[in-house]
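The chain contents come next:
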Amino acid sequence: MFSFSTKFEMAPASDIIAARGLNAGGRVQQFVDNAVLTHAEPYTPLVTSTLSKSGRASTVIGSGMVTWNCFYARFQYYKYGDTRSYDPMRGGHWFERMKTDHKDQILDGARRMAGASR
């Protein structure tokens, strides 16, 4: 007669999540926030650079909320066209246009930061 016994112990889910950097404010969220700001900069309207710089100044890296906080940011985002005469890449809806071009790159980086394979 054959007998087999085993015991499986696993760390709490919160420890596993933290080890992967997936906790609130963790390294993966920090990476995503930084990547969004970095990739969005070339799409953000630029005359005095106040709007562009407001993204870094107004965003708490790791919060998951990227904000451009400037008195004319909303107007520039929603009311102006998606291109500017001085630079066709810069214009309204800069976050959405950046996402179209760089979403996969940001997600791949987040996967790598979390230690996941594709």
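Residues numbered from 1 in each chain as written. Predicted model: local features only at pLDDT ≥ 70, side-chain atom pairs only at ≥ 80, totals over all residues. Heavy atoms only, no water.

## Brief notes about the nonpolar core
Grouped together as the largest cluster of nonpolar side chains are 13 residues, with contacts concentrated most on Leu51, Trp68, Trp94 and Met98. Ranked by the residues each element gives to this core, the list is headed by helix H2 (residues 27-40), at 4 residues. For Leu51, the contacting residues outside a window of four places in its chain are Thr44, Pro45, Trp68, Cys70, Tyr72, Ala73, Gln76 and Trp94. (Core = buried A, V, L, I, M, F, W, Y, C linked by side-chain atoms within 4.5 Å. Buried < 20%, exposed > 50% of the residue type's maximum accessible area, 1.4 Å probe, protein only. Helix = DSSP H or I, 4+ residues; strand = E, 2+ residues; numbered from the N terminus. Contact = heavy atoms within 4.5 Å.)

## Considering helix H3 (residues 50-58)
Think of an α-helix as 3.6 residues a turn; residues three or four steps apart then line up on the same face. Among all positions of H3, only Leu51, Ser52, Ser54 and Gly55 are buried. Projected onto a plane normal to the axis of H3, the buried residues spread over an arc of 155° and lie on a single side. Exposed side of H3, more than 90 degrees from the buried face: Lys53 and Ala57 are the residues found there. Looking at the buried positions of H3, the neighbouring elements they touch are H2, helix H4 (73-78) and helix H5 (94-114). (Arc of directions from axis to C-beta.)

## A closer look at H2
Here H2 spans 20 Å end to end across 14 residues, near enough to the 20 Å set by a 1.5 Å rise per residue. Turning to H2, its buried residues number three or more, namely Val28, Asp33, Ala35, Val36, Leu37, His39 and Ala40. Along its buried surface, H2 packs onto H3 and H5. (Expected span 1.5 Å × (residues − 1).)

## Concerning the confidence of the model for the chain
It should be kept in mind that the predicted coordinates are not to be read in detail where pLDDT is low. Chain-level pLDDT for the chain is 94 on average; 99% of the residues reach the 70-or-more range. Per-residue pLDDT, averaged within each element of the chain, yields its smallest value for helix H1 (residues 13-19) (92) and its largest for H2 (98). (pLDDT = per-residue confidence, 0-100.)

## Comments concerning the environment of Met89
Here Met89 is to be found in the loop between H4 and H5. Judged by its relative accessible area of 37%, Met89 falls in the partly exposed class. In sequence terms Met89 and Pro45 are 44 residues apart; their C-alpha atoms lie 8.7 Å from each other. Not counting residues within four places of it along the chain, the set of residues in contact with Met89 comprises Pro42, Tyr43 and Arg97.

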